[in-house]
Amino acid sequence: MTAVDVRAIREVEVAALAWVSAHRGDFALGDDAFTADGHVDLTWKPLGELAQTCASVRRHTVPSDPLHACVSDLLGFAWQQTGRGELFLRLQRLEPFATYPLEVYSVFAGAGLRHAGYEAAAATVARTRGWRLAEQEPTRRLGILGAERRSGIHRPERAEQALRRTWLGGLPEPWAFERSAGYALTHVVFHLTDWGRTARGVPADLAAYLADWLPPWLDTCLDAGMWDLGCELLIVATSLPRPPDPALLQEAWTRIARAQHDSGALRVQDPDPGQYAGTDPEPDFLPCYHSTLMAAYAAALTVERLTGGLDENGLDENGRGGRGRHADDLQNRYGGQGVPG
Amino acid sequence: MEQSGTSALLQGAVQDLSSDVVSALRGGDHVRVSGGAAVDGPESSIAVAAVRVIGADLLLPHVLSRTPPAPEALGLFRQTVEAYPPRADAAPTVVWSHWAMSRTLHRLDAPRSGSPADEPGAEPDAGWLDGTTWQFLTHQLAVLAPLAVPGEDCVVARAARRRPVDVARGFVRAVRRRDWQQAAGAGRWLTLLDGVPDTLGLESGLDFVELMGGSDPRVALQVEAARALRWAGALV
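All of these numbers come straight from a predicted model, not from anything done at the bench. (Residues numbered from 1 in each chain as written. Chains lettered and ligands numbered in written order. Predicted model: local features only at pLDDT ≥ 70, side-chain atom pairs only at ≥ 80, totals over all residues.)

On to the overall build of chain B. A tally of helices and strands in chain B yields eleven helices and zero strands. Ordered by position from N to C terminus, the α and β elements of chain B give α-α-α-α-α-α-α-α-α-α-α. Expressed as a percentage of the 236 residues in chain B, the buried residues total 47%. Partitioning the intrachain contacts of chain B with sequence separation of at least 6 by distance along the chain shows that 71% fall at a separation of at least 24. (Helix = DSSP H or I, 4+ residues; strand = E, 2+ residues; numbered from the N terminus. Buried ≥ 20, exposed ≤ 12 C-beta atoms within 10 Å, placed from the backbone. Contact = placed C-beta atoms within 7 Å.)

So, in structure tokens, the structure goes:
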């Protein structure tokens, strides 16, 4: 049985969040976030991902952990950027049928940060046939249904229908996996588990399929230096009812730690896969913010899954990393857990 | 320059012989040893080296159809077995490949000559596969694809049978890495294993490997072998 170095995974998380904290200003919204033809991918998307990561890491760390305070602070910063929700109203007036404002808002709502005025306005638009009939790719559709739910909007459409139209939901040949399919499938699992909150949302056939095929997907993504997708796949692996194989975790985290810069930054993609990663020049914000967030998120989930949580020093009562709860023991905790089929 | 010339000749000979095996598997015919492979002289040594690369698969069509090989093919095969006994420090795959050839020779030679080739020795050790990663296991099995034949019960085959999901993962990895040779070899093993997840889509996977890598006769050989095993409906 492979031993997993929990402390090393925790160090990846600490370093990644240090980089995020040092670069919080780069997540701030500028004026270009409030134009109809604004660059959402450069404005709201990074901020939404910051909020999602921080909300998730906060949920998976104990309040006494300094990282809990760190991500709470960053989440508060992100909420302030939205004018404590007020600016979603401004965004809606610019693009009333755009879905991204609700998708970003729902991250905050899921973390308990709500704006009643925006929710009422969003619900008004969401009642229209036009909103409900908007054409979206199935994975996005799942995400929007989740965003509505978190924001207090309920429509009769069942997520199961959208799920079965996704790449993952159709159980495709695993060797047909490519990068775009990878991003789609990780997000399907994020939506099904409400971003790692519950494994019960993953149907049994999908959980079994993922348990079979995540290892070669993860292995080949890390080989190719696709660090962000690798971290997303680790999030998926740690979100399933059955815990992942310790050898898989140890191997993956060793490689990710090696690719991480001293600053904590992790590139989305190695410029030269196969070469020694992490020694190239410090990347700019855009080529690494997503990957760095995903590393922090994946590390938080992995550490929690392996240990059931750490104290604020990342140490157990014997002074070692983890509380000594062996990964195998988690089988008992999660293995028999019923999942709707 | 001479070495690279020899290497190119060897590569060409391996490809030619692989094509011969593919033709025989497809046509139900004898393996015709094409070119100058069966004659004496420098070309013969290239041919022997090429048969060593292909291993027991040279006579696979005859193993599957239970028909005797042509004398030239059998003679070349025997010559190779005798010319390349594994050294004491040989890698496990080399030792096993030679063992597989000796066993095939014993099976196919005995009924013809009445003086059977030497009994293959006892099975080599297979401890190197114990507890190994699924990546390494699949790689080694793909190298030893000639052992993936119906009814095979050696320890390597048993190691494969114990880990069908791991071999299937290795197949996925090989396709993702565009390593068609390894993918085809792993796919051949998978046709013989119980417990492979249905979601793998093995049949379309082999078609895909052939589509992408089948212009290499060594890949085509493994894909065709996998199909022949499947049609034989045989289980290890």
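Next comes the rest of the write-up.
What follows concerns the overall build of chain A. Per the secondary structure count, chain A includes 15 helices and zero strands. Relative to its 341 residues, chain A shows a buried fraction of 45%. Partitioning the intrachain contacts of chain A with sequence separation of at least 6 by distance along the chain shows that 71% fall at a separation of at least 24.

All right, on to the nonpolar core then. In terms of nonpolar packing, the biggest core is built from 164 residues, with Ala 16, Ala 295 and Ala 296 of chain A together with Leu 58, Val 167, Phe 171 and Trp 189 of chain B touching the most fellow members. Ranked by the residues each element gives to this core, the list is headed by helix H14 (residues 289-307) of chain A, at twelve residues. With residues near it in sequence (within four places) discarded, Val 167 of chain B still touches Leu 137, Thr 138, Leu 141, Ala 160, Ala 186, Trp 189, Leu 190 and Leu 193 of chain B. (Core = buried A, V, L, I, M, F, W, Y, C linked by C-beta atoms within 7 Å.)

In this section: helix H10 (residues 179-192) of chain A. Residue and element names in this part refer to chain A. Across its 14 residues, H10 extends 20 Å between first and last C-alpha, which sits within 8% of the 20 Å expected from 1.5 Å per residue. Restricting attention to buried positions, one finds in H10 the residues Gly 182, Leu 185, Thr 186, Val 188, Val 189, Phe 190, His 191 and Leu 192. For H10, the elements touching its buried residues are helix H8 (138-150), helix H9 (159-163), helix H11 (204-223) and helix H12 (227-239). Of the residues trailing H10, Asp 194 is marked for its positive phi of about 50°. (Expected span 1.5 Å × (residues − 1).)

As a further point, take the interface of chain B and chain A. Residue-level contacts link 16 residues of chain B with twelve residues of chain A. Mapped by element, the contributors of at least two residues to the side of chain B that touches chain A are helix H6 (134-143), helix H8 (164-176) and helix H10 (202-213) of chain B. When residues in the side of chain B that touches chain A are grouped by element, the largest group, seven residues, is from H8 of chain B. Looking at side-chain class alone, the side of chain B that touches chain A contains seven nonpolar, five polar and four charged residues. (Nonpolar A, V, L, I, M, F, W, Y, C, P; charged D, E, K, R; others polar.)

Turning our attention to helix H9 (residues 180-190) of chain B. Residue and element names in this part refer to chain B. With respect to burial, H9 is a largely interior element, ten of its eleven residues being buried. Within H9, the full set of buried residues consists of Trp 180, Gln 182, Ala 183, Ala 184, Gly 185, Ala 186, Gly 187, Arg 188, Trp 189 and Leu 190. Packing partners of the buried residues in H9 comprise H6, helix H7 (155-162), H8, H10 and helix H11 (217-232).

Time to look at the domain arrangement of chain B. Residue and element names in this part refer to chain B. Parsing chain B into structural domains produces domain 1 (1-123) and domain 2 (125-236). Taken together, the contact pairs 20 residues of domain 1 with 18 residues of domain 2. Contributions of two or more residues to the side of domain 1 that touches domain 2 are made by helix H1 (2-27), helix H3 (60-65) and helix H5 (92-113). The element that contributes the greatest number of residues to the side of domain 1 that touches domain 2 is H1, accounting for eight residues. (Domains from an automatic or database assignment.)

The subject of this paragraph is unusual backbone geometry. Even without glycine at this site, Leu 171 of chain A takes up a positive phi of about 50°. Following the sequence through the fold, Leu 171 of chain A ends up in the loop between H9 and H10. Residue Leu 171 of chain A is classed as partly exposed on the basis of its C-beta count, with 18 C-beta atoms lying within 10 Å. Although it is not a glycine, Arg 66 of chain B adopts a positive phi angle of roughly 55°. Tracing the backbone through its elements, the reader meets Arg 66 of chain B in the loop between H3 and helix H4 (71-83).

All names here are of chain A. Relative to the helices and strands, Gly 25 resides in the loop between helix H1 (6-22) and helix H2 (44-59). When the 8 C-beta atoms within 10 Å are taken as the criterion, Gly 25 is described as exposed. Taking C-alpha positions, Gly 25 is 9.6 Å from Phe 77, a pair spaced 52 residues apart along the chain.

What follows deals with the packing of H12 of chain A against helix H13 (residues 246-259) of chain A. Residue and element names in this part refer to chain A. Between H12 and H13, the least distance of the axes is 11 Å, while the angle of their chain directions is 145°. Crossing of H12 over H13 shows left-handed handedness. Contact residues: H12 offers Trp 227, Gly 230, Cys 231 and Leu 234, while H13 offers Ala 252, Ile 256 and Ala 259. Taken together, the residues that form the contact of H12 with H13 break down as six nonpolar, one polar and no charged. (Axes fitted to C-alpha atoms, helices over the stretch in contact; angles between N-to-C directions. Left-handed = near helix turned anticlockwise from the far one by under 90°.)

All names here are of chain A. Structurally, Gly 76 is set in helix H3 (residues 66-81). In this structure Gly 76 comes out as partly exposed when scored by C-beta crowding, with 14 C-beta atoms within 10 Å. Between the C-alpha atom of Gly 76 and that of Leu 50, which follows or precedes it by 26 residues, the distance is 11 Å.

Moving on to the packing of H10 of chain B against H11 of chain B. Residues and elements named next belong to chain B. Running from N to C, H10 and H11 cross one another at 160°; their axes reach a closest spacing of 9 Å. If you check the angle between H10 and H11, you find them roughly antiparallel. For the pair H10 and H11, the sense of crossing is left-handed. Residue-level contacts link Leu 206, Val 209, Glu 210 and Gly 213 of H10 to Val 219, Ala 220, Val 223 and Ala 226 of H11. For the contact of H10 with H11, a count of residues per class yields six nonpolar, one polar and one charged. (Parallel < 35°, antiparallel > 145°, perpendicular 65-115°, else oblique.)

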